[in-house]
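Letter by letter, the chains look like this.
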Amino acid sequence: MKAFARVHPAVSMLYFLSVLLISMFLSHPVLQAEALLGGVLFCATLGRRGTALRDIGFYLPLFLMVAVTNPLFSHNGVTPLFFLNGNPVTLEAFLYGFALAVMVIGVLLWCKAYSEIMTSDKFLYLFGKAIPKLSLVLSMALRFIPAYLRQARRVSRAQKAMGLYAGKSITDRVKNRMRVFAAMVSWSLENAMETSASMKARGYGKKGRTNISLFRFRSADGALLGVCVLLLAVSLAGAVAGITKFTYYPRVDKIETTPAALAVYTAFGLLSLLPFILEVKEALVWNYYRSKI
Amino acid sequence: MKKDILAVFGILLIAAVLVNGTHIQSVDEYYLTHIDDITPESETVTLSIRCDTILQNYDDLDPALRSEEFVPPDGVILPPAKYVLREGDTVFDILDRAVRYNKIQLEFQGAEESPFGSVYIQGIHYLYEFSCGPLSGWMYRVDGVFPHYGCSRYELHDGQNIEWVYTCDLGQDVGAEWMGGKQ
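What counts, and at which threshold
Numbering of residues begins from 1 in every chain and follows the order in which that chain's sequence is written. Numbering of ligands from 1 and lettering of chains from A proceed in the order in which they are written. For a predicted model such as this one, the threshold for reporting local features is a pLDDT of at least 70, and the threshold for listing and counting side-chain atom pairs is 80 or more; totals across whole chains, interfaces and linings nevertheless cover every residue. Secondary structure counts use DSSP, requiring at least four H or I residues in a row for a helix and at least two E residues in a row for a strand, with both numbered from the N terminus. Each residue is classified by how many other C-beta atoms fall within 10 Å of its C-beta atom, where C-beta atoms are placed from the backbone; a count of 20 or more means buried, 12 or fewer means exposed, and values in between mean partly exposed. Whether two residues are in contact depends on their C-beta atoms, placed from the backbone: they are in contact if these lie within 7 Å. Think of it this way: DSSP has to see at least two bridges between two strands before they count as a pair. The split into domains, and so the bounds of each, comes from an automatic or database assignment of domains. In this count, Pro and Cys sit with the nonpolar residues alongside Ala, Val, Leu, Ile, Met, Phe, Trp and Tyr, while Asp, Glu, Lys and Arg are called charged and the others, Gly among them, polar. Fitted lines through C-alpha atoms give the axes, limited to the stretch in contact for helices. The angle between two N-to-C directions lies from 0 to 180 degrees. Any angle that is under 35 degrees is reported as roughly parallel, and any over 145 degrees as roughly antiparallel; angles of 65 to 115 degrees are reported as roughly perpendicular and all others as oblique. Should the near helix be turned counterclockwise from the far one by less than a right angle, the crossing is left-handed, whereas a clockwise turn marks it as right-handed.

### Structural notes on the environment of Gly128(A)
Residue and element names in this part refer to chain A. With respect to the helices, strands and loops of the structure, glycine 128 is situated in the loop between α5 (120–127) and α6 (132–142). A tally of 19 C-beta atoms within 10 Å means that glycine 128 is categorised as partly exposed. With 83 residues separating them along the chain, glycine 128 and asparagine 211 place their C-alpha atoms 9.6 Å apart. Filtering out sequence-adjacent residues up to four positions away, glycine 128 remains in contact with Ser135 and Asn211.

Shown next, in the form of structure tokens:
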């Protein structure tokens, strides 16, 4: 089971926000590598068997594409490898592209984990009272892509069942995609209107309307919140102190190994591995109890 | 199946155009530019590259560039020297040849990508546009005058003096008045 899914929404929201913001805005290679590792392990515990290979098939080419694109457009750096149309293609640009790819894939994986854990009911529980309109729009936007893919598959299957574009030829398949896409555009517009009308009909956002929610703030949530805030504070202190500053151009900085820097790396490493550690702990406890039966 | 073959053919065509349009050189090949020897009858021009204005605005400079390796203490990146002028050479041709010969880094935007229809110099010696404040970048003057057009459209004549200067204030601090900026 997903141990992290049972955490109180306020704590998991704070957790996701802190990891995402740090990995997006502090462009330090160590922190980004840690965020990527944490994201991979987290998604591995969430994923159903069989989706892993498909995920690798998606993320690996994306990773390579981002990493290789940067040196084609950015020619700064002191170590030219070769020259392309008179402009240098440099080692620094490659390294920067590599770091960028680590960051992009890490953030994507964390967003994937976010959408698995922070379901719409949790999001509406947190923000539905304070900002009803915005939180409805946000929760619709966040579930848009999964819902869109589901519907697209349905439309495509329906077309195939009618005997359209059932051939193996690539051009046929591309044509099928185009037709499905055209249908999906009008579906998504209509769906958004219907959802908001339906929520309105239920009196969503009206004064005096109450909600039932099963979330309770347990002592374990409090402990997790404390750990999160502590680790976040150490990471942010590192950012304020300038430890997480890192430049790639014109020459790549050395990675700092002072005690303060190591403390920041450890803090963020622990922060990004927290869900995985929690999952492993739960599994160990479960096995321990089973062994006693 | 016929349609598929056509699609594959189209993709191959695009790939061929892309490969044909790129020109790859090794580092040694790139720097192995020979400069013609100056003979009594050859036409020559003088070229220099300076970045004095950065020294006056050191606080605005990108912290990663604050070292004598990137900003020479006297502001001279390339001291004035004579280069042989070939038929139809523009300011950009001379600059390109000179930086290759002296192994100075250069990044430019090609004439076909630039909205000005001329090559645009983005950075010389790791000093880029916007490296030293929002109004900074490279400009050139020929015989003391800042031309109103790009460096690959300026054809040179015998004995002209080209200076590439780094500005931190849209040219105001190097004596170009026509760029506007603050009065």
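### Some thoughts on the interface of chain A and chain B
Opposite the 15 residues of chain A that make contact, chain B presents 20 residues. Elements supplying a minimum of two residues to the side of chain A that touches chain B: β1 (80–84), β2 (87–90) and α8 (170–201) of chain A. Broken down by element, the side of chain A that touches chain B gets its largest block of residues, four residues, from β1(A). Judged from the three bridges that link them, β1(A) and strand β1 (residues 24–26) of chain B form a sheet pairing that is antiparallel.

### Here's the deal with the domain arrangement of chain A
Residue and element names in this part refer to chain A. Along its sequence, chain A is carved into domain 1 (3–124 + 218–292) and domain 2 (129–204). Averaged C-alpha coordinates put domain 1 and domain 2 at centres separated by 30 Å. Contacts between domain 1 and domain 2 engage four residues on the former and six residues on the latter. Counting residues per element, the side of domain 1 that touches domain 2 draws most heavily on α5, at three residues. Considering only residue class, the side of domain 1 that touches domain 2 consists of two nonpolar, two polar and no charged.

### So, the packing of α5(A) against α6(A)
Residue and element names in this part refer to chain A. Two elements in contact, α5 and α6, have axes whose closest approach is 9 Å; the angle formed by their N-to-C orientations is 165 degrees. The pairing of α5 with α6 is recorded here as roughly antiparallel in orientation. Handedness of the crossing formed by α5 with α6: right-handed. Each of Ser120, Phe123, Leu124 and Phe127 in α5 lies in contact with α6, whose residues at this interface are Ser135, Leu138 and Ser139.

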